[in-house]
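Each chain, letter by letter, is given below.
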Amino acid sequence: MNAPSTAMILAAGLGTRMRELTADRPKPMLPVAGRPLLDHALDRAAEGGAARAVVNVHYFAEQIRAHLSGRKAPAVTISDETDALLETGGGLVRALPLLGDAPVYVMNSDALWTGPAPLPVLAEAWDETRMDALLLMVAKENARAYTRAGDFFLTADMRPERRGDRPEAPYVYTGAQILSPALIAEFEEERFSANAIWDRALGRGRLFACVHAGGWVDVGTPEGLQEADRLVREDEA
């Protein structure tokens, strides 16, 4: 297993679906089982072999900076987006000089899993000769607090196909992936979704997926946050 040594944690969003919970703090600082979501994400990055992490910041950026100032494992570098909200794709482009040339983990700061360690699954499946992007999925029935229609179908050789106009799809993207920095470098810094990066890889036949065998929580709403707290406490018991 050739695990990435760097992780990018996406922590610059506004967290508007959390309503009043994010009126005085950024979503990554909301607590789950007594610790901020961001700490859970960084722990997963370290568990996956990342010695360093780049964390982008925008909303209540100083709270995140202060919280991470003493973090050693992984060692944290801040990618500052306080001047503009760049979304996931633009945030990756801005952070590119901090990421290095080797493949990187990219994680949502609110991604929470139960069961087996998720990032080693990605690292084990990664094949740089065939892939520019590798997404970690979960079967929709294992997605807790999830109310949408699913994201992808998977072919027999683990290539994702978007749901498109179909009423539902059996797999959900869980907020963790491995990306090639060379793919990110093809884009200009502007406000755009990382979906455009996936589409570029998909068009070249270099977008793949693997499936997490445990559970995943959609921490997008206050209800999802409560479910995450309950499941993480159960998982740690």
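Structure shown above.
Now for a description of the structure that goes with this document. (Residues numbered from 1 in each chain as written. Predicted model: local features only at pLDDT ≥ 70, side-chain atom pairs only at ≥ 80, totals over all residues. Heavy atoms only, no water.)

### Let's talk about the overall build of the protein chain
Thought 1: Per the secondary structure count, the protein chain includes seven helices and 14 strands.
Thought 2: The C-alpha radius of gyration computed for the protein chain amounts to 17 Å, which stays within 12% of the reference 18 Å derived for 237 residues, consistent with globular compactness.
Thought 3: C-alpha atoms of the protein chain, sized along the principal axes, occupy 45 × 40 × 35 Å.
Thought 4: Taking all 237 residues of the protein chain together, the buried fraction comes to 50%.
Thought 5: In the protein chain, once contacts between residues fewer than 6 apart in sequence are set aside, the share between residues at least 24 apart is 73%.
Thought 6: Surface exposure of the protein chain reaches about 10,300 Å², of which carbon and sulfur atoms provide 49%.
Thought 7: The average position of the 25 basic charges and that of the 34 acidic charges among the side chains of the protein chain differ by 1 Å. (Helix = DSSP H or I, 4+ residues; strand = E, 2+ residues; numbered from the N terminus. Rg over C-alpha atoms; globule rule 2.2 N^0.38 Å. Buried < 20%, exposed > 50% of the residue type's maximum accessible area, 1.4 Å probe, protein only. Contact = heavy atoms within 4.5 Å. Areas by Shrake-Rupley, 256 points an atom, 1.4 Å probe, with all protein chains shown as cover. Lys, Arg positive; Asp, Glu negative; His and termini not counted. Charge placed at Lys NZ, Arg CZ, Asp CG, Glu CD.)

### Observations regarding the nonpolar core
Thought 1: Ranked by internal contacts, the top residues of the largest apolar core, which has 35 residues, are Ile9, Val55, Ile64, Tyr105, Met107 and Leu122.
Thought 2: Excluding residues within four positions of it along the chain, Ile64 makes contact with Ala11, Pro26, Pro28, Met29, Leu38, Val55 and Val57. (Core = buried A, V, L, I, M, F, W, Y, C linked by side-chain atoms within 4.5 Å.)

### Section: the packing of aromatic side chains
Thought 1: Applying the stated criterion to the full structure yields five aromatic pairs.
Thought 2: For the pair Tyr173 and Trp198, a centre-to-centre distance of 4.8 Å together with 75° between the ring planes defines the contact as edge-to-face. With Tyr173 in strand β12 (residues 171-179) and Trp198 in helix α6 (residues 195-203), the pair connects residues that are 25 residues apart, well separated along the chain. The two residues Tyr173 and Trp198 agree in class, both being buried.
Thought 3: What links up through ring pairs into an aromatic cluster is the set Phe152, Tyr173 and Trp198.
Thought 4: Over the ring of Phe208 we find Arg130, and its NZ or CZ is 4.7 Å from the ring centre.
Thought 5: Between Arg200 and the ring centre of Phe187, over which it is positioned, the NZ or CZ distance is 4.3 Å. (Phe/Tyr/Trp six-rings, centres within 6.5 Å; stacked < 30°, edge-to-face > 60°. Lys NZ or Arg CZ within 6 Å of the ring centre and 35° of its normal.)

### Considerations on unusual backbone geometry
Thought 1: Cis rather than trans, the peptide bond between Ala73 and Pro74 has omega equal to -5°.
Thought 2: As for its placement among the helices and strands, Pro74 is situated in the loop between α2 (61-68) and β5 (75-80).
Thought 3: For Ala145, which is not glycine, the phi dihedral falls at a positive 60°.
Thought 4: In this fold, Ala145 is placed in the loop between β9 (143-144) and β10 (152-154).
Thought 5: On the basis of relative accessible area, Ala145 is assigned to the partly exposed category, the value being 35%.
Thought 6: Positive phi is not limited to glycine here, since Met158 has a value of about 70°.
Thought 7: One can find Met158 in the loop between β10 and β11 (160-162).

### Section: helix α1 (residues 37-47)
Thought 1: Burial of α1 is extensive: eight of the eleven residues sit out of reach of the surface.
Thought 2: The first or second residue beyond α1 is Gly49, which carries a positive phi of 105°.

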